[in-house]
Amino acid sequence: MVMKFQKTLSGHQLLLQRGDTNTLQINVGRLCNLACRHCHVDAGPGRSEVMDRTTMSDVIDFAGRCRFQMADITGGAPELVPDLAYLLQELRPLVDKLILRTNLVLLLQNRYAPLLDLCKELGVAITASFPSTNANQADSQRGEGVWQDSIAMLNHLNAIGYGLPGSRLELNLVANPTGAFMPVAQCQAEKKFRTDLARKWGIQFTNLFTFANVPLGRFYRWLEQSGNLTHYMDRLAAGFNPATINGLMCRSLISISWDGTLYDCDFNQAADLPYTGEKIHVTSVADLPTGTPIATDDHCYACTAGAGFT
Amino acid sequence: METYYNPTDLEKFGEIGKEAPEMAKKFFDYYASVFAEGELTEREKALIALAVAHAVQCPYCIDAYTSSCLEKGSNQAEMTEAVHVACAIRGGASLVHGVQMMNTCKKVSM
């Protein structure tokens, strides 16, 4: 058993509190076409929770009231949410930067071509899951055939102008480890992915981010079943880096779930640890005071290990 | 079950310094220098270590450098190729000694 995260913070005389909130993250639902083994929200084809248009309107009003620099739409697979285009269009004028997360696979289908056109028109940055340049490793995490489709979609995104040097259309990649091991240092991984993707498939991208897998949801169960849980938690806890606390993304981000409830981050959403400890709907929030304590549990070690999750 | 190799023993490696601590310190300092980024990247050094680990057939080293390779950004295809390099050198080292066999045969044969 690792030391409780809160106790580790106390041991370092650290408090984890909200700073200035500049990012609005919206998890529009648990429905996904994939069921990735590292998924912390347990998203998959069997889930039905998606954000409805009324809640989207509430979120848009909230963005108008609180003014964020950035909005980040995630899921599940956001593409499967019926009114996603409405959310994108209404949020775009309210933020400097709008991000749409994608698993790449759905966008390959013709029916999503209008969504892609809209993203391009609005200058929406696309952030795509791409765990490995190795097909077997990627497919073992995400499902058979996903890697091949991802390569095809990345090629297509480049062809329409995403991810090219100097382009206003950002194409960012997210690489989570394909198992119970720590992520590669971001700068090293970015350099290698850039070289490998360009050399083998002619693919270009803007930036690559590496994040540790968070021990929640389906990933937690996989850790248990595979006998990796204890060792993985020990590695995360042993890697606790007090210098990461100040820059943790939960200090500057607010996360809204498909039903409009507020959380300090997407991981706390999966762990059902709401913002301020009580379930608060987005319609009842006027501001996000600095100094508000961030809810924590042992999954937070994933964001404080090594270079951290900022 | 009792075995000669126990994965948890790897964590006890540092205890080798209880006796002859000066030599242990010199070794571990040297070891850290060897694996630090230099003309070769840490990733490349971990791949070499993985190949050597297979050549010397050290289970501790295979365990440690498999993780290290993954965490330094190598993928499994690259790691498998590194193991083949070790295999080729080991196999080649055996086979090339066949020349000695042929030399001896030539010397003693009519």
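The rules we used
Residues numbered from 1 in each chain as written. Chains lettered and ligands numbered in written order. Predicted model: local features only at pLDDT ≥ 70, side-chain atom pairs only at ≥ 80, totals over all residues. Heavy atoms only, no water. Patch = residues over 30% accessible without salt bridge, like charges linked within 9 Å, V, L, I, M, F, W, Y side chains within 5 Å. Areas by Shrake-Rupley, 256 points an atom, 1.4 Å probe, with all protein chains shown as cover. Salt bridge = Lys/Arg side-chain N within 4 Å of Asp/Glu carboxyl O. Helix = DSSP H or I, 4+ residues; strand = E, 2+ residues; numbered from the N terminus. Buried < 20%, exposed > 50% of the residue type's maximum accessible area, 1.4 Å probe, protein only. 1 Å grid on protein atoms, 1.4 Å probe; cavity = no way out; pocket = protein on both sides within 12 Å on 5 of 7 lines; lining within 4 Å. Points joined across faces, edges and corners; volume = space filled by probe spheres on them. Nonpolar A, V, L, I, M, F, W, Y, C, P; charged D, E, K, R; others polar. Pairing = 2+ DSSP bridges.

Some details on a nonpolar patch on the surface
Residue and element names in this part refer to chain B.
At step 1: There is a patch of nonpolar side chains on the surface, built from Phe13, Ile16, Phe27, Tyr30, Tyr31 and Val34 and spanning about 580 Å² of accessible area.
At step 2: The residue Val34 is located in helix α1 (residues 21-35) in this model.
At step 3: The exposure class of Val34 is partly exposed, given its relative accessible area of 32%.

With respect to empty space enclosed by the protein
All names here are of chain A.
At step 1: Counted according to the given criterion, the structure contains two cavities of 30 Å³ or more.
At step 2: If you add up the space inside the largest cavity, you get close to 240 Å³.
At step 3: Looking at the lining of the largest cavity element by element, the count peaks at four residues for helix α7 (residues 186-201).
At step 4: Grouping the constituent residues of the lining of the largest cavity by class yields 10 nonpolar, nine polar and two charged.
At step 5: In this structure, the second largest cavity encloses a volume near 110 Å³.
At step 6: Across the lining of the second largest cavity, the residue classes break down as 12 nonpolar, two polar and no charged.

Here we look at the pairing of strand β5 (residues 171-175) of chain A
All names here are of chain A.
At step 1: Burial of β5 is extensive: five of the five residues sit out of reach of the surface.
At step 2: Where strand β4 (residues 125-129) lies against β5, four bridges are found, and the strand directions are parallel. Pairing of Ile126 across the sheet is with Leu171, part of β5.
At step 3: Bridge analysis of β5 against strand β6 (residues 207-210) gives four bridges, and the strand direction is parallel. Its bridge partner being in β6, Asn172 is matched across the sheet by Asn207.

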